[in-house]
Amino acid sequence: MRWIFIVSYVWAVVLRDTIADPHIYTVQFYRGQNTLSFPYLGLGENQVLTLEFDELREGGASDFWVRIQLCNRDWAPSNLPLTEYWPAFVSDRITDFSLSVGTRVPYVHYRYFLRNQFQRSGLYVIEVFRDNDPGQFVLRRRFYVVENAIQVVPDWGSQVVTGARQRFQSLAFKVYPRGLRSAQNYQEFFCGVLQNGRWDRANLQLRPTFLGQEYLEYRFQPGLDMEAGNEFRMLDLRSILRRRSFQVERTLWSDSGVVVLLVPERPRSNSVYFSQYDLNGRFVIQVQDLPIDTSGRWAGRDELAATQADYFWVEFRLQAEKYPQPVYVVGGFMGWTTDPRYELFYDETRHEYRRRIRLKQGVYDYMYALYDDSCGCFRPEPIEGSYFETENSYLILVGYRGFTDREDRIVGHRWIGVYE
């Protein structure tokens, strides 16, 4: 008798932050009214997440809908039924939108409040579709819901700086399982660390290095030993009438919009470290050319700037020899995704990377980075350099999947700063 075995492989779709519609710009996703905050919710917490974005078009508003999806630690969709973690709706229409006012570039501004009706902690995505059609995907953003069942205690004395270590920042911490303590904690717990809120370089598969009687200790692992990077470059586009940012070489005016030409910039990988204030990769939408100066009244979200800030064409220029990998302008404004609108082109005659990119008026942190296919992430260090003194913020996420659990839970988190 001959046996024939047929094996089928189903490859899970990984849900990453994405903008699929080229008309969508300035996506912001944050807690409450603070646009600089990271999107997360506490289980049972009385808080909302706010999603905002612009659609650059003339005429009326589009019909956008949102959906929620629970994910596993590898960001593949969970098999848990929707009603067990999100009973509110299958899809919901975005009804809060406004047309831009007095801008050269017309756009429609959309805002959606995601209210906390979650019944389980975990890793989630919010997705936007046009006309409530799954085939017309627009954008996706990641967030998490935490239940705070454990305690995370950082080890502040773990940093060692010698030789090549001057490029790295090392983290170490202990997790106290409390009521989740069991003999299988090594297999049940998993951890991840996000540098400056970046999901693209987060490793959510970290296992304990040592097991104590009442704690799990994490240290001396690749996922905890990270290149420190450099301070972000900063661009101020709040005004082109009253004051001009020092990076701006000149401004061109046209009927179709404003073109802002930046001064040529150079790599910083061979420079000495220079401390400067930055937003750790984030951005703020503000405008100073209105009759009311909105920068003086900013308290988390600028209501006027949301619809009265204009869009500029900003020409970035990086003078460098050609790199073997694609070069992007990166930061929170583009979601740390491989959006082709932010890839720079190399000019062989001028020996520089350049491109004009649409940006809304505000203050932006940005860097130049290579896209590395091997890790599926951006690596600014070959261009910007890496210095242990760099001020970074780190998010420690602690996950748990017990023997009886059908989903990956997020049971604790802790924000820490390095060289603040």
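Residues numbered from 1 in each chain as written. Predicted model: local features only at pLDDT ≥ 70, side-chain atom pairs only at ≥ 80, totals over all residues. Heavy atoms only, no water.

Chemist: What's the story with empty space enclosed by the protein in this structure? I'm lost.
Modeler: Think of a ball as big as a water molecule: rolled over the atoms, this probe shows where empty space is left. For the structure shown, the criterion picks out three cavities of 30 Å³ or more. Space inside the largest cavity adds up to approximately 100 Å³. Around the largest cavity, the lining is made up of 13 residues, and of these Gln28, Thr35, Ile285, Arg301 and Asp302 lie nearest the centre. Taken together, the elements giving at least two residues each to the lining of the largest cavity come down to β2 (24–31) and β21 (283–285). Counting residues per element, the lining of the largest cavity draws most heavily on β2, at three residues. Partitioning the lining of the largest cavity into residue classes produces five nonpolar, four polar and four charged. In this model, the second largest cavity occupies a volume close to 80 Å³. Taken together, the residues of the lining of the second largest cavity sort by class into five nonpolar, five polar and two charged. (1 Å grid on protein atoms, 1.4 Å probe; cavity = no way out; pocket = protein on both sides within 12 Å on 5 of 7 lines; lining within 4 Å. Points joined across faces, edges and corners; volume = space filled by probe spheres on them. Helix = DSSP H or I, 4+ residues; strand = E, 2+ residues; numbered from the N terminus. Nonpolar A, V, L, I, M, F, W, Y, C, P; charged D, E, K, R; others polar.)

Chemist: Would you explain the sheet that holds β2 in this entry?
Modeler: Across a sheet, strands are paired by hydrogen bonds formed along the backbone, either parallel or antiparallel in direction. What the four strands build is an open sheet, ordered β2-β4-β8-β7; its pairing is antiparallel. Two strands close off the open sheet at either side, each with one partner strand: β2 and β7 (96–99). The average undirected angle you get between the axes of adjacent strands in this sheet is 15 degrees. Pairing of β7 with strand β8 (residues 108–115), which is carried by four bridges, proceeds in the antiparallel orientation. (Pairing = 2+ DSSP bridges. Axes fitted to C-alpha atoms, helices over the stretch in contact; angles between N-to-C directions.)

Chemist: Would you explain the nonpolar core in this entry?
Modeler: Core analysis: the largest hydrophobic core is formed by 45 residues, its most contacted members being Val314, Phe316, Phe333 and Leu359. When contributions to this core are tallied by element, the ones reaching two or more residues are β20 (257–262), β21, β22 (311–319), β23 (327–330), β25 (352–360) and β26 (362–372). Element by element, the count of residues in this core is highest for β26, at seven residues. By size, the runner-up hydrophobic cluster in this structure holds 29 residues, among which are Leu70, Trp86, Tyr110 and Tyr112. (Core = buried A, V, L, I, M, F, W, Y, C linked by side-chain atoms within 4.5 Å. Buried < 20%, exposed > 50% of the residue type's maximum accessible area, 1.4 Å probe, protein only.)

Chemist: Got a minute to help me understand the packing of aromatic side chains in this structure?
Modeler: Both the distance between ring centres and the angle between the ring planes are used here to describe each pair of aromatic rings. Applying the stated rule across the entire model yields 35 aromatic pairs. Each ring, one from Phe38 and one from Trp199, has its centre 5.9 Å from the other, and the planes form 40 degrees; the classification is tilted. A residue pair is termed long-range when its members are at least 10 positions apart, and Phe38 in the loop between β2 and β3 (40–42) and Trp199 in the loop between β14 (189–195) and β15 (210–211) qualify at 161 residues. Overall, Trp199 belongs to the buried group, its relative accessible area being 8%. Seen in terms of ring centroids, Phe283 and Tyr364 are 5.5 Å apart; in terms of plane orientation they differ by 0 degrees. Their pairing is stacked. Remark: Tyr364 occurs in strand β26 and Phe283 occurs in strand β21; sequence separation between them is 81 residues. Tyr364 shares its class with Phe283; the two are buried. Stacked on the ring of Tyr215, the Lys or Arg Lys174 has its end atom at 4.4 Å from the ring centre. Its end group placed over the ring of Phe220, Arg219 keeps NZ or CZ at 5.5 Å from the ring centre. (Phe/Tyr/Trp six-rings, centres within 6.5 Å; stacked < 30°, edge-to-face > 60°. Lys NZ or Arg CZ within 6 Å of the ring centre and 35° of its normal.)

Chemist: Sorry if this is basic, but what is going on with the environment of Glu381 here?
Modeler: Mapped onto the secondary structure, Glu381 falls in helix α3 (residues 381–384). Each C-alpha atom, one on Glu381 and one on Trp199, is 17 Å from the other, the two residues being 182 residues apart in sequence. Ignoring anything within four residues of it in the chain, the contact list for Glu381 reads Arg201, Glu227, Gly229, Ser269 and Ser386. (Contact = heavy atoms within 4.5 Å.)

Chemist: It is not clear to me how the pairing of strand β5 (residues 64–71) should be interpreted in this structure. Could you clarify?
Modeler: Remark: a regular strand shows side chains that alternate across the two faces of the sheet. Most of β5 is tucked away: seven of the eight residues are buried. Direction of pairing for β5 relative to strand β9 (residues 122–130): antiparallel, over a ladder of eight bridges. Within β9, the residue paired with Arg67 across the bridge is Glu127. Looking at chain direction, β5 and strand β6 (residues 92–93) are connected through two bridges and run antiparallel.

Chemist: When you look at the side chain of Thr390 in this model, what are you seeing that I'm missing?
Modeler: If you trace the backbone, Thr390 turns up in the loop between α3 and β28 (392–400). Polar contacts involving the side chain of Thr390 include one to the main-chain carbonyl oxygen of Gly229, which spans 2.7 Å. (Polar contact = N/O pair within 3.5 Å; in protein donor to acceptor, adjacent residues only side chain to side chain.)

Chemist: Got a minute to help me understand the state of the cysteines in this structure?
Modeler: In a disulfide, the sulfur atoms of two cysteines are held together by a covalent bond. Taken as a whole and assessed by the stated rule, the structure comprises one disulfide. A disulfide bridge connects Cys375 with Cys377, and the sulfur atoms are separated by 2.0 Å. Because the sign of the S-S torsion sets the handedness, a value of about -80 degrees for the bond joining Cys375 and Cys377 places this disulfide among the left-handed ones. Among the residues examined, Cys375 registers a relative accessible area of 38% and is labelled partly exposed. On the accessibility criterion, Cys377 (5% relative accessible area) is buried. Free cysteine Cys71: the closest other cysteine sulfur is in Cys191, separated by 19 Å. In this structure Cys191 comes out as buried when scored by relative accessible area, which is 0%. (Disulfide = S-S within 2.5 Å.)

Chemist: What should I look at first to understand the confidence of the model for the protein in this one?
Modeler: Should the pLDDT be low somewhere, the predicted coordinates at that spot are not to be read in detail. Summarising the model, the protein shows a mean pLDDT of 89, and 91% of its residues fall at 70 or more. Throughout residues 1–11 the model reports pLDDT below 50, and contacts reaching past four residues in sequence, or to other chains, amount to zero contacts. (pLDDT = per-residue confidence, 0-100.)

Chemist: Looking at this model, I keep getting lost on the layout of surface pockets. Mind explaining?
Modeler: Of the pockets and cavities examined, the largest pocket occupies roughly 1,200 Å³. Around the largest pocket sit 50 residues that line it, and Asp17, Gly197, Arg198, Trp199 and Trp336 are the ones nearest its centre. Listing elements by their share of the lining of the largest pocket, those giving two or more residues are β1 (18–19), β2, β10 (137–146) and β27 (377–379). If one sorts the elements of the lining of the largest pocket by residue count, β2 sits on top with four residues. Among the residues forming the lining of the largest pocket, the class breakdown is 21 nonpolar, 16 polar and 13 charged. Approximately 230 Å³ is the volume attributed to the second largest pocket. Together, Val193, Gln195, Arg198, Arg201, Asn203, Pro222, Gly223, Asp225, Met226 and Glu227 line the second largest pocket. For the lining of the second largest pocket, the secondary structure elements donating two or more residues are β14 and β17 (225–227).

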